Amino acid sequence: MDRFTALLMGFLSVVLVNNFVFTKFLGTCPYLGVSGRLDRALGMGLAVTFVTALSGTLTWMVDAYVLIPLHMEIARYICYIVIIAGAVQLVEMYVRKFFPALYDAFGIYLPLISTNCVILGICLFLDVWGTNNLLEAVVVSTGTGIGFTVAICIMAAIREELILADVPKALQGAPITLITAGLLTLAFMGFAGMIK
Amino acid sequence: MSASNGSISSPYSVALFSGLWQENPTFRLLIGLCPPLAVTSAVKPALTMGLSVIFVLVCSNLVVSLMRNLLRPHLRIIMFTVTIATFVTICDLFLKAYQPQMSETLGAYVPLIIVNCIIIFRAEARASRSGPLVSMLDGVGMGAGFTLALCILAGVREILATGHLFDIQVMPKAFVPWLAMQMPVGAFITLGLILGLINVLTRKKES
């Protein structure tokens, strides 16, 4: 039971308290760039969640079972990036085959997921946080993807409304989006300290 | 590239200078925004990050440019990222060895240079299409533009958050530090306002 609570806390922590977008600025490019429409943001978020969960788990396994026993930590980043690129390729083929409409809507953004900082970010932070069992790695990396989805969806919904707002000329476009993001960050700071 | 139109300068100087302002990655193109937001709570880490990016950008542009005839369309991105990851590993080990404290401050943001969009974008847009010299100059220019943006942002945030700049008191003693500037919210809002200011300035110039 204790273990279950710990996992649940870890999950909530990466979704709300240590949300990658709000506290670590990872994945800011798609967060500011793509999130103009809610449905597209949700699709993007789910694709990222899947890739994050897959590559977080895989890189943790490669790290723990291959690189550390062989003392090959120096090749860590190269291994990580190859695994991520492979996972993205897999998702791309899957989406193209089963959801062609979604595939067309994503366009260039789908292959670009491999350069989404959230994904490499979670692979690196699993090491920084000292995750030491497989289940924890799976839960935390899935949670990170969901945290990203939450952030990008909130942003998309706000921006849908923002089109109708009367924004000063100088701040139209990217500046107002960044300021909105700043205020959202402030709101999410309310969660800080609830879970370590 | 639109920047190369209209001027009589050589391709070398265009490659070198367009990154500084006309195509400044942070202020004009809005790409690779994670490090500008994450490491700019003080000027020192921002400068270190900028120099690391210049190193990686120049080296990866050179290598990509040398192997541009070997690239295959479907393997392009993976070849770019593996090249970049190699140089980032070198950079990370160098920082760990000679600047251990700075390496700790920057933490995971050094390896995250691998997925910085600026570097892949330059590999794709410039290095895979032009010779080694132009590509390297392009790397220097883009990297310098990025460093400049980082330092401006970090300077504003550090002065407002602590009243210091490089440990030198800048603001009067009575100044109350804005702690919020050191937090994520400060990063987003400062960058937003700077972009707004740039919008105003460029629009005045055009009209």
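Bear in mind the structure is a predicted one, so any value in this text is a computation, not a measurement. (Residues numbered from 1 in each chain as written. Chains lettered and ligands numbered in written order. Predicted model: local features only at pLDDT ≥ 70, side-chain atom pairs only at ≥ 80, totals over all residues.)

### Here's the deal with the overall build of chain B
Inference 1: Across its full length, chain B carries eight helices and two strands.
Inference 2: For chain B, the sequential pattern of α-helices and β-strands runs α-α-α-α-α-α-α-β-β-α.
Inference 3: Computed over C-alpha atoms, the radius of gyration of chain B comes to 18 Å, within 12% of the 17 Å expected from 2.2 N^0.38 for 207 residues, which places it in the range of a compact globule.
Inference 4: The dimensions of chain B, computed from C-alpha atoms along their principal axes, are 60 × 50 × 25 Å.
Inference 5: When the 207 residues of chain B are sorted by exposure, 45% land in the buried category.
Inference 6: When contacts within chain B are restricted to residue pairs at least 6 apart in sequence, long-range pairs at least 24 apart make up 73% of them. (Helix = DSSP H or I, 4+ residues; strand = E, 2+ residues; numbered from the N terminus. Rg over C-alpha atoms; globule rule 2.2 N^0.38 Å. Buried ≥ 20, exposed ≤ 12 C-beta atoms within 10 Å, placed from the backbone. Contact = placed C-beta atoms within 7 Å.)

### Notes on the overall build of chain A
Inference 1: Counting secondary structure elements, chain A contains ten helices and zero strands.
Inference 2: Each helix (α) and strand (β) of chain A, taken in turn from the N terminus, gives the series α-α-α-α-α-α-α-α-α-α.
Inference 3: Against the globule reference of 16 Å for 196 residues, chain A gives a C-alpha radius of gyration of 18 Å, in line with a compact fold.
Inference 4: Its C-alpha atoms give chain A principal-axis dimensions of about 60 × 40 × 30 Å.
Inference 5: In chain A, which comprises 196 residues, the proportion classed as buried is 44%.
Inference 6: In chain A, the proportion of contacts linking residues at least 24 apart, taken out of those at least 6 apart, comes to 80%.

### Considerations on the confidence of the model for chain B
Residue and element names in this part refer to chain B.
Inference 1: Averaged over every residue, the pLDDT of chain B is 83; the share at 70 or more is 95%.
Inference 2: The least confident element of chain B, judged by mean pLDDT, is strand β2 (residues 168-169) at 76; the most confident is helix α3 (residues 43-66) at 92.
Inference 3: Under the prediction, the complex receives an ipTM of 0.80, its pTM being 0.84. (pLDDT = per-residue confidence, 0-100.)

### Details of the interface of chain B and chain A
Inference 1: Listed as interface residues are 33 residues of chain B and, on the opposing side, 34 residues of chain A.
Inference 2: Contributions of two or more residues to the side of chain B that touches chain A are made by α2 (34-38), α4 (76-98), α6 (117-127) and α8 (184-206) of chain B.
Inference 3: When its residues are assigned to classes, the side of chain B that touches chain A shows 26 nonpolar, seven polar and no charged. (Nonpolar A, V, L, I, M, F, W, Y, C, P; charged D, E, K, R; others polar.)

### Some thoughts on the nonpolar core
Inference 1: Membership of the largest hydrophobic core comes to 100 residues, with the highest contact counts inside it found for I84(A), L120(A), V56(B), I114(B) and F188(B).
Inference 2: Once residues lying within four places of it in the same chain are set aside, the contact partners of F188(B) are L178(A), I179(A), A181(A), G182(A), T185(A) and L37(B).
Inference 3: Core analysis: the second largest hydrophobic core is formed by five residues, V14(B), A15(B), L16(B) and V134(B) among them. (Core = buried A, V, L, I, M, F, W, Y, C linked by C-beta atoms within 7 Å.)

### So, the environment of L93(B)
All names here are of chain B.
Inference 1: Among the secondary structure elements, L93 is positioned in helix α4.
Inference 2: What makes L93 partly exposed here is the crowd of 13 C-beta atoms within 10 Å.
Inference 3: Along the chain, L93 and I152 lie 59 residues apart, while their C-alpha atoms are 27 Å from each other.

### Let's talk about unusual backbone geometry
All names here are of chain A.
Inference 1: We note that F25 has phi near 60°; this positive angle belongs to a residue other than glycine.
Inference 2: Its place among the elements puts F25 in the loop between α2 (20-24) and α3 (28-33).
Inference 3: Backbone geometry places H71, a non-glycine residue, at a positive phi of 55°.
Inference 4: If you trace the backbone, H71 turns up in the loop between α4 (38-67) and α5 (76-98).
Inference 5: Here H71 falls in the exposed class, since 7 other C-beta atoms lie within 10 Å of it.

### A word on the confidence of the model for chain A
Inference 1: Per-residue pLDDT for chain A averages 82, and the proportion of residues at 70 or more is 93%.
Inference 2: Here helix α7 (residues 109-112) of chain A is the element of chain A with the lowest mean pLDDT, 67, and helix α9 (residues 134-162) of chain A is the one with the highest, 88.

### Re α4(B)
Side chains that are three or four residues apart share a direction in an α-helix, a result of its 3.6 residues per turn.
Inference 1: Compared with the 33 Å implied by 1.5 Å per residue over 23 residues, the 33 Å span of α4(B) between its first and last C-alpha is a close match.
Inference 2: Looking at α4(B), one finds that the buried residues are F80(B), T81(B), T83(B), I84(B), A85(B), F87(B), V88(B) and D92(B).
Inference 3: Buried residues along α4(B) sit in contact with α5 of chain A together with α3 and α6 of chain B. (Expected span 1.5 Å × (residues − 1).)

### Focus: the environment of T57(A)
Residue and element names in this part refer to chain A.
Inference 1: Within the secondary structure, T57 is located in helix α4.
Inference 2: With 23 C-beta atoms counted inside 10 Å, the residue T57 sits in the buried group.
Inference 3: Setting aside chain neighbours within four positions, we find T57 in contact with A137, V138 and S141.

### Let's talk about the environment of V134(B)
All names here are of chain B.
Inference 1: Tracing the backbone shows V134 in helix α7 (residues 132-162).
Inference 2: Judged by local crowding, V134 falls into the buried class, with 20 C-beta atoms found within 10 Å.
Inference 3: Along the sequence, V134 and L62 sit 72 residues apart, while their C-alpha atoms lie 9.0 Å from each other.
Inference 4: Those residues in contact with V134, other than ones at most four positions away along the chain, are P11, Y12 and A15.

### Considering the packing of α3(B) against α6(B)
Residues and elements named next belong to chain B.
Inference 1: For the pair α3 and α6, the least separation of the axes is 10 Å and the interaxial angle reads 35°. Along this stretch, α3 crosses α6, giving a crossing that reads as right-handed. In this structure, α3 uses V56, L57, S60, N61, V64 and S65 to contact α6, whose residues at the interface are I119, R122, A123, R126 and A127.
Inference 2: In the contact of α3 with α6, the residues fall into six nonpolar, three polar and two charged. (Axes fitted to C-alpha atoms, helices over the stretch in contact; angles between N-to-C directions. Left-handed = near helix turned anticlockwise from the far one by under 90°.)

### Quick word on the packing of α3(B) against α4(B)
The relative placement of two packed helices is expressed as an angle between their axes plus a distance between the axes.
Residue and element names in this part refer to chain B.
Inference 1: The contact between α3 and α4 brings their axes to 9 Å, and the two run at 140°. Classified by the angle their axes make, α3 and α4 are oblique. The handedness of the crossing between α3 and α4 comes out as right-handed. Taking contact as the criterion, the partners of S52, F55, V56, C59, S60, V63 and V64 in α3 are, on α4, F80, T83, I84, F87, V88 and C91. (Parallel < 35°, antiparallel > 145°, perpendicular 65-115°, else oblique.)

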